[in-house]
Amino acid sequence: MSKSRFRIAIDGPGGAGKSTISKIVAARLGLEYVDTGAMYRAIGLKLTEEGVNPEDLDGVERVLGHTRIEFSDGRILLDGRDVSGSIRTPEVSKAASSFSRIPCVRKKLGDLQRIMSETSDVVMDGRDIGTNVIKDAELKIFLTADPMVRAQRRFRELQEKGKAVGVTLEMVYQDICQRDYQDTHRELNPLSKAEDAVEIDTSHMTIPDVTDAIVRLAEERRK
Ligand code: DC
């Protein structure tokens, strides 16, 4: 890998602001943005649509064999279909978290993500980017926030998109806690802070505060 590469790995639990912040940081630094959570969500959506459950490992492997995931103009395509909107539901969040512990799912998406990070300079966000996908990233960030603050953010997001019908803040909070548990306790590539990552607690920070802090760190590292 040449010295001029610059890749930023941003990991952390759901609702810590990773996607919003990563997108802005990528635009400010002229890097590609890769949302790996969206990839796990697309797989979760496909397997749910196909009626496969997470215990059916053969079924998962069979469906993965004919599943194509791509990004195009900031949209995520599942077998050529734009699913950018339909992957943002509480059901798909749950499915993504459940299927993401299966080795063949992690291998397929991890390989794809590695290729993306080898061909472009990226800001890649997820759960295992700094610890597994881009272990030698030039900058690693671990974004956290208090679980109730994250639930409030997710709930507001759902309300703004008109997707909060029948959903309460308490339900979103329980979902967040359950996903945190699943994501940090799975056997393969669990969510954890890389030793060399810079931890930023976003609970009481604005989006511009966080993006400024990351851009500053990136500019220092790039020198
Ligand atoms: O970031 P998100 O909420 O869109 O991610 C959805 C799920 O995908 C999350 O619960 C765990 C899984 N995921 C993962 O296992 N590894 C990643 N690099 C990104 C997401």
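Placed above this text is the structure.
These lines cover the structure that appears in this document, whether it is placed above or below. (Residues numbered from 1 in each chain as written. Predicted model: local features only at pLDDT ≥ 70, side-chain atom pairs only at ≥ 80, totals over all residues. Heavy atoms only, no water.)

### What to know about the environment of His 66
Going by this rule: Numbered from the N terminus, helices here are DSSP runs of H or I no shorter than four residues, and strands are runs of E no shorter than two. When accessible area is computed with a 1.4 Å probe and restricted to protein chains, residues below 20% of their type maximum are described as buried, those above 50% as exposed, and intermediate ones as partly exposed. When checking whether two residues touch, look at their non-hydrogen atoms; a contact exists if any pair is within 4.5 Å.
Mapped onto the elements of the fold, His 66 is located in the loop between α3 (57–65) and β3 (69–72). With relative accessibility at 45%, the residue His 66 sits in the partly exposed group. Separated by 13 residues in the primary sequence, His 66 and Asp 79 have C-alpha atoms spaced 8.5 Å apart. Beyond its immediate sequence surroundings of up to four residues, His 66 is in contact with Lys 46 and Asp 79.

### Observations concerning the packing of aromatic side chains
Selection criterion: Within 6.5 Å between ring centres, the rings of Phe, Tyr and Trp (the latter by its six-membered ring) count as paired, and their orientation is classed by plane angle as stacked under 30 degrees, edge-to-face over 60, tilted in between. Whether a charge lies above a ring is judged from NZ of Lys or CZ of Arg, which has to be within 6 Å of the ring centre and within 35 degrees of the ring normal.
Within this structure, the stated rule accounts for 0 aromatic pairs. The ring of Phe 6 carries Arg 222 above its face, with NZ or CZ at 5.1 Å from the centroid.

### Remarks on the sheet that holds strand β5 (residues 81–82)
We count it as follows: Strand pairing is defined by DSSP finding a minimum of two bridges between the two strands. Note on geometry: axes are lines fitted to C-alpha atoms, helical ones only across the stretch in contact, with angles between N-to-C directions running from 0 to 180 degrees.
Reading across from one edge, β3-β4-β5 is the order of the 3 strands in this open sheet, with antiparallel pairing throughout. The open sheet is flanked by β3 and β5, the only strands paired with a single partner. Pairing analysis gives 4 bridges linking β3 to strand β4 (residues 75–78), with the strands arranged antiparallel. From the neighbouring strand, Ile 69 faces β4, where its bridge partner is Leu 78. Taken strand by strand, helix α2 (residues 36–49) contacts β3, β4 and β5, and its axis lies near 35° from that of β4.

### Things to note about the packing of helix α4 (residues 90–99) against helix α8 (residues 169–185)
This is how it is decided: Should an angle fall under 35 degrees it is taken as roughly parallel, and over 145 as roughly antiparallel, whereas 65 to 115 is taken as roughly perpendicular and any remaining angle as oblique. Helix crossings fall into two classes, left-handed where the near helix is turned counterclockwise from the far one by less than a right angle and right-handed where it is turned clockwise. Under this grouping Gly is polar, as are all residues other than the nonpolar Ala, Val, Leu, Ile, Met, Phe, Trp, Tyr, Cys and Pro and the charged Asp, Glu, Lys and Arg.
Taken N-terminus to C-terminus, the directions of α4 and α8 make an angle of 15°; their axes are 10 Å apart at the nearest point. In terms of orientation, α4 lies roughly parallel with respect to α8. α8 is crossed by α4, and the crossing has left-handed handedness. Packed against α4, whose contacting residues are Pro 90, Ser 93, Lys 94, Ser 97 and Ser 98, the element α8 presents Asp 175, Arg 179, Gln 182 and Asp 183 at the interface. Looking at the contact of α4 with α8, its residues break down into 1 nonpolar, 4 polar and 4 charged.

### A closer look at the pattern of salt bridges
Applicable threshold: Here a salt bridge means any side-chain nitrogen of Lys or Arg lying within 4 Å of a carboxyl oxygen belonging to Asp or Glu.
Per the stated rule, a full pass over the model turns up 19 salt bridges. With its nearest N and O atoms 3.0 Å apart, the salt bridge here joins Arg 106 to Asp 128. One end of the pair, Arg 106, is in helix α5 (residues 103–119); the other, Asp 128, is in the loop between β6 (122–126) and α6 (129–133), with 22 residues separating them in the sequence. For the pair formed by Arg 106 and Asp 128, the shared burial category is buried. Residue Asp 196 pairs with Lys 140 through a salt bridge whose shortest N-O separation is 3.2 Å. Taken as a pair, Asp 196 in the loop between α8 and β8 (198–201) and Lys 140 in strand β7 (residues 139–144) lie far apart in primary sequence, 56 residues in all. Overall, Asp 196 belongs to the partly exposed group, its relative accessible area being 45%. Residue Lys 140 is classed as buried on the basis of its relative accessible area of 5%.

### Brief notes about the site of the ligand
For the record, the criterion: Nearness of a residue to a molecule or strand requires only that one of the residue's heavy atoms be within 4 Å of it. Definition of a polar contact: a pair of N or O atoms within 3.5 Å, with one able to donate and the other able to accept a hydrogen when the atoms are protein atoms, and with sequence-neighbouring residues admitted only if both atoms are side-chain atoms. All accessible areas in this document rest on Shrake-Rupley with a 1.4 Å probe, and a residue is counted as covered only by the protein chains that are shown.
Taken together, 17 residues sit near the ligand, with Arg 41, Arg 106, Arg 127, Asp 128 and Arg 179 positioned nearest. Contact between the ligand and Ser 100: an oxygen atom at 3.5 Å from a side-chain N or O atom of the residue. At a separation of 2.7 Å, an oxygen atom of the ligand approaches a polar side-chain atom of Arg 179. Here the ligand has 440 Å² of accessible area as a free molecule, and 98% of this is covered by the chains. Residue assignment for the shell around the ligand shows that the elements contributing at least two residues are α2, α4 and α8. By residue number, the principal contributor to the shell around the ligand is α2, which donates 4 residues. Looking at the shell around the ligand residue by residue, the classes come out as 3 nonpolar, 5 polar and 9 charged.

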